[in-house]
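Below are the chains, spelled out letter by letter.
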Amino acid sequence: MNKKDTIIVKQGSKTRYIIAAKVIYIESLGRKVLLYLPDEIIEYYAKISLLEAQLKPDFFRIHRAYLINLNFVEDYNKREVKMSNQDFVLISKYRLHEFQKTICKYTENACKMTSKGLKCSKYME
């Protein structure tokens, strides 16, 4: 495993190695972050900006407080992303266009403009 594949979580005297691919999304709360995994939520002291730099290109910062794993995106609209665990995560209006371009490229789906903006074929209704 290399640095990009794992997130090192230090909680007191305990250190855990979390496989990054299992993280659905990350939320920043002050000086702490929450890692949302399918079966647990891990809270520890970290900076979301450092995690963002480490975890690109599989993760995308859609809001100052949220970093999502693009593999777990189920659906989205111009206000929020629905993740595979059924949580809804806010999208910053300033990051929406870049997110749309990134998700289309990431999923390798055809994109087209709709009345609601750029949409990938995977997310078309």
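Use the structure listed above.
Residues numbered from 1 in each chain as written. Predicted model: local features only at pLDDT ≥ 70, side-chain atom pairs only at ≥ 80, totals over all residues. Heavy atoms only, no water.

## Looking at the environment of Val-73
Consideration 1: Topologically, Val-73 is positioned in strand E8 (residues 73-76).
Consideration 2: The spacing of Val-73 and Ile-24 is 49 residues in sequence and 8.5 Å in space, taken between C-alpha atoms. (Helix = DSSP H or I, 4+ residues; strand = E, 2+ residues; numbered from the N terminus.)

## What about helix H2 (residues 96-107)?
Consideration 1: Across its 12 residues, H2 extends 16 Å between first and last C-alpha, which sits within 8% of the 16 Å expected from 1.5 Å per residue.
Consideration 2: Along H2, the residues classified as buried are Leu-96, Phe-99, Gln-100, Thr-102, Ile-103 and Cys-104.
Consideration 3: Looking one or two places after H2, you find Glu-108, whose phi comes out positive at around 55°. (Expected span 1.5 Å × (residues − 1). Buried < 20%, exposed > 50% of the residue type's maximum accessible area, 1.4 Å probe, protein only.)

## Regarding the pairing of E8
Consideration 1: Across three bridges, E8 lies against strand E9 (residues 80-83) in antiparallel orientation. Within the sheet, the bridge partner assigned to Asp-75 lies in E9 and is Lys-82. (Pairing = 2+ DSSP bridges.)

## Quick notes on the pairing of strand E6 (residues 59-63)
Consideration 1: Among the five residues in E6, five count as buried, and that is most of the element.
Consideration 2: Here E6 runs beside strand E7 (residues 66-69); their pairing, made up of four bridges, is antiparallel. Paired with His-63 across the strands is Tyr-66, a residue of E7.

## As for the nonpolar core
Consideration 1: Of all hydrophobic cores here, the largest spans 19 residues; its most connected members are Tyr-25, Ile-62, Ile-68, Val-81, Met-83, Val-89 and Phe-99.
Consideration 2: Here the element with the most residues in this core is H2; it accounts for three residues.
Consideration 3: One finds Leu-35, Tyr-44, Leu-51 and Leu-67 within the second-largest nonpolar core, a separate group that totals 16 residues. (Core = buried A, V, L, I, M, F, W, Y, C linked by side-chain atoms within 4.5 Å.)

## Considerations on the sheet that holds E9
Consideration 1: Judged by pairing direction, the sheet is antiparallel, and its three strands sit side by side in the order E8-E9-E10 without closing on themselves. Each edge of the open sheet is held by one strand with a lone partner, namely E8 and strand E10 (88-90). The sheet shows a mean angle of 30° between the axes of neighbouring strands, taken without regard to direction.
Consideration 2: Examined bridge by bridge, E9 and E10 share three bridges and lie antiparallel to one another. Bridging from a neighbouring strand, Glu-80 pairs with Leu-90 of E10. (Axes fitted to C-alpha atoms, helices over the stretch in contact; angles between N-to-C directions.)

## Let's talk about the sheet that holds E7
Consideration 1: Here we have five strands laid out as an open sheet, ordered E5-E4-E3-E7-E6, and antiparallel in their pairing. Among the strands making up the open sheet, the edge pair consists of strand E5 (41-45) and E6. The sheet shows a mean angle of 20° between the axes of neighbouring strands, taken without regard to direction.
Consideration 2: Along the sheet, helix H1 (residues 48-55) makes contact with strand E3 (25-29), strand E4 (32-36), E5, E6 and E7, crossing E7 at roughly 25°. (Contact = heavy atoms within 4.5 Å.)

## A look at the environment of Ile-8
Consideration 1: Among the structural elements, Ile-8 can be located in strand E1 (residues 6-11).
Consideration 2: As for Ile-8 and Ala-46, which are separated by 38 residues in sequence, their C-alpha atoms are 10.0 Å apart.

## Here we look at the layout of surface pockets
Consideration 1: In this structure, the second largest pocket spans a volume of roughly 170 Å³.
Consideration 2: Considering the residues around the second largest pocket, the lining is formed by Lys-56, Pro-57, Phe-59, Phe-60, Glu-98, Lys-101, Thr-102, Lys-105 and Tyr-106.
Consideration 3: Among the secondary structure elements, those contributing two or more residues to the lining of the second largest pocket are E6 and H2.
Consideration 4: Here the lining of the second largest pocket takes five residues from H2, the largest share from any one element.
Consideration 5: When its residues are assigned to classes, the lining of the second largest pocket shows four nonpolar, one polar and four charged. (1 Å grid on protein atoms, 1.4 Å probe; cavity = no way out; pocket = protein on both sides within 12 Å on 5 of 7 lines; lining within 4 Å. Points joined across faces, edges and corners; volume = space filled by probe spheres on them. Nonpolar A, V, L, I, M, F, W, Y, C, P; charged D, E, K, R; others polar.)

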